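# Understanding the architecture of this molecule
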Amino acid sequence: MRFIQNQLLKKETLANARKLLEGKWLQDSTKLPLLFEEIIKPHNRVCLEGDNQKQAVYLAKGLCKVNPQIVNNLHIVQSCLSLPEHVEVFERGIASKVDFCYSSGQGARVMNLAAEGKIEMKGIHTYLELFSRYFLDLTPNVALLVAEKADRAGNLYTGANTEETPAIAEATAFKDGIVIVEVNEIVDELPRVDIPASWVDVLVHSPTPQMVKPLFTRDPAKIDEVKILMAMMAIKGIYAKYGVNRLNHGIGYATSAVELLLPTYAESLGLKGKICQYMVINPCPTLIPAIESGFIKTICSPGGEVGMNEYVRAHADIFFNGSDGSQRSNRAFAQLAGLYAIDMFVGGSLQIDLMGNSSTATIERMTGFGGAPNLGSDINARRHSSDTWLKAGAEYAQTQDKTLLKGRKLVVQMVETFQAAGQPTFVEELDAITLQKKMKMPLPPIMIFGDDVTHIVTEIGIANLLLCKDLAEREQAIRAVAGYTPVGLAKNPQKVAELHKRGAIQYPEDLGIRFSDATRDLLAAKSIKDLVEISGGLYNPPSMYRDW
């Protein structure tokens, strides 16, 4: 028996498609659907590159135009379902199964189609889970990717937003899958080669540039006093207490407030050089003041950010840049750094239950997880130590009356007690439980398990779950910071008082913080325009953020 059937099939498929190609290049872009009908077989596993930020838009539109009588029942394996076309392939019967991580703005459509039986959800993954399965049992038969530039031989330049393109291409190319790439620009010489031509089978010249969304831009003008108060408590009660130097910030206005308080409030506390020196994070514009003030030494980025390329290029000591000067991002390696190398994750959620379980899945939307479950998990395989990790571990071991055998990653949820829509953040039961039953899923879509969460910060105070001896104490600590939500109103005042006395609950006054101190004057930048000025004009925000 010859074990080269995949090789033979690939050769045959590409030979059949050769009539549409000139070398590796599609001759006539209007024949893209015909190319797909030659190459993609029913029931193939297809990765239609949809990353956290960049999308293969042109190839997505082309796939939606194939004849469902020829191309059907595809198994989509991709991290993000972000574009309308990512869902349209299911509505048209071109695809029927999906393994994914995150559905962004398409969450409601995805949930409705799943309820109608038009999408079979095989699994909701973290990024690392899905990347891992590309190399095991979910290897794409066909990968539809996007790059910024290509040379005539087919070498690719992915630029600042490399993200997960190399991981998908490598898994596909080395298992005899077919790699098709759209590029907007063809050049004689690339700034650098991010993916070699030998991994690429077909190239398509897209008439439009790749679409990249400014997902990580937060306007300082929208940071209010409540978020500033929470940031002050977090800096003094967690960052300073544990000496957190290696961390990840989830995207949100609360963590943006922390970033903008580093050169002002944190520096006034003498914390410069003691916290926040090494970060796993996209180049968020709200980091600019902290970088310029010398707070941050290194940033490992999973992706880029619109408008930040020239700033990153000018700060090669901080970011990982190529020989051409542009950033080299890599989502897989950044997620690994977030899993193993950081001592603290700070994020947010739409719902938190009495045990600290959290989820962004609600009755209306099935959004998925992205990277938060990896970044916000206390990995049991870690073996190196740090003062922060050991301090958190010792606190937990003492509470549980256990011998200290390992440290703990700090996993912090920073949330206001009510969401902007007036919905309580704290609930007796997550919507994820209802969704599990409705969608007949094997597990509820919980983003971060309560076992991993060490602290919850709200405008009321900090619940230190490391200091809770059992589940009953954990519940009361969470109720204590849940404010005027139904969960908060049901707290046991006597138990809460006991936890407060032990330091498991801290209020602003316990940290020497007055409500009147939390003003916007503490922000190192109060607007996008301020960020541009502090960057020396290197930050070029999208027009949607310019009001001057």
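Residues numbered from 1 in each chain as written. Predicted model: local features only at pLDDT ≥ 70, side-chain atom pairs only at ≥ 80, totals over all residues. Heavy atoms only, no water.

On to helix α8 (residues 225-242), then. Taking 1.5 Å of rise per residue, 18 residues should cover 26 Å, and α8 covers 25 Å from first to last C-alpha, within 8% of that figure. The largest bend in α8 is about 35°, located at I235. Most of α8 sits inside the fold, with 13 of its 18 residues counted as buried. The distance from a side-chain oxygen at the start of α8 to the backbone nitrogen of V226 is 3.2 Å, and the residue carrying that oxygen is D224. One or two positions beyond α8, positive phi appears at G243, with a value near 60°. (Helix = DSSP H or I, 4+ residues; strand = E, 2+ residues; numbered from the N terminus. Expected span 1.5 Å × (residues − 1). Bend = angle between axes of the 7 residues up to and from the residue. Buried < 20%, exposed > 50% of the residue type's maximum accessible area, 1.4 Å probe, protein only. Polar contact = N/O pair within 3.5 Å; in protein donor to acceptor, adjacent residues only side chain to side chain.)

The subject of this paragraph is the pairing of strand β3 (residues 45-48). The pairing of β3 with strand β5 (residues 74-77) spans 2 bridges and is parallel. Its bridge partner lying in β5, R45 is registered against H75. Taken together, the 3 bridges between β3 and strand β8 (residues 142-151) define a ladder with parallel strand orientation. Within the sheet, the bridge partner assigned to V46 lies in β8 and is V142. (Pairing = 2+ DSSP bridges.)

The next subject is the packing of aromatic side chains. When we look at a pair of aromatic rings, we describe it by the centre distance and by the angle of the planes. Across all of its chains, the model carries 3 aromatic pairs by this definition. Where Y127 meets F131, the ring centres are 6.2 Å apart and the plane angle is 20°; that geometry is what we call stacked. With Y127 and F131 both in helix α6 (residues 127-134), this residue pair falls 4 residues apart, about one helical turn. A single burial state applies to Y127 and to F131, both of which are buried. Among the aromatic side chains, those forming a connected cluster through ring pairs are Y127, F131 and Y134. For the cation-ring pair, R331 lies above Y127, with the distance from its terminal atom to the ring centre recorded as 5.2 Å. (Phe/Tyr/Trp six-rings, centres within 6.5 Å; stacked < 30°, edge-to-face > 60°. Lys NZ or Arg CZ within 6 Å of the ring centre and 35° of its normal.)

This part covers the domain arrangement of the chain. Taken domain by domain, the chain consists of domain 1 (7-210) and domain 2 (220-522). Contact with domain 1, which involves 30 residues of that partner, is made by 34 residues of domain 2. Here domain 1 and domain 2 share an interface that buries about 2,500 Å² over both sides, 57% of which is from carbon and sulfur atoms. If you sort the residues of domain 1 by the area they bury against domain 2, M111, L128 and A160 come out on top, with a joint share of 26%. Summed over the shared surface of domain 1 and domain 2, the result is 4 salt bridges. Across the salt bridge formed by E163 and R331, the nearest N and O atoms sit 2.2 Å from each other. Here domain 1 is connected to domain 2 by 19 residue pairs in polar contact (both at pLDDT 80 or more). Its residues assigned to classes, the side of domain 1 that touches domain 2 shows 15 nonpolar, 11 polar and 4 charged. (Domains from an automatic or database assignment. Contact = heavy atoms within 4.5 Å. Buried area = accessible area lost by both parts, 1.4 Å probe. Salt bridge = Lys/Arg side-chain N within 4 Å of Asp/Glu carboxyl O. Nonpolar A, V, L, I, M, F, W, Y, C, P; charged D, E, K, R; others polar.)

With that settled, consider the packing of helix α5 (residues 107-115) against helix α15 (residues 431-439). Between α5 and α15, the least distance of the axes is 10 Å, while the angle of their chain directions is 35°. Where α5 abuts α15, its residues M111, A114 and A115 lie against L435, K438 and M439. In terms of residue class, the contact of α5 with α15 is built from 5 nonpolar, no polar and 1 charged. (Axes fitted to C-alpha atoms, helices over the stretch in contact; angles between N-to-C directions.)

Now for a nonpolar patch on the surface. There is a patch of nonpolar side chains on the surface, built from F333, L336 and Y340 and spanning about 300 Å² of accessible area. As for its position among the elements, F333 is in helix α12 (residues 331-341). Among the residues examined, F333 registers a relative accessible area of 57% and is labelled exposed. (Patch = residues over 30% accessible without salt bridge, like charges linked within 9 Å, V, L, I, M, F, W, Y side chains within 5 Å. Areas by Shrake-Rupley, 256 points an atom, 1.4 Å probe, with all protein chains shown as cover.)

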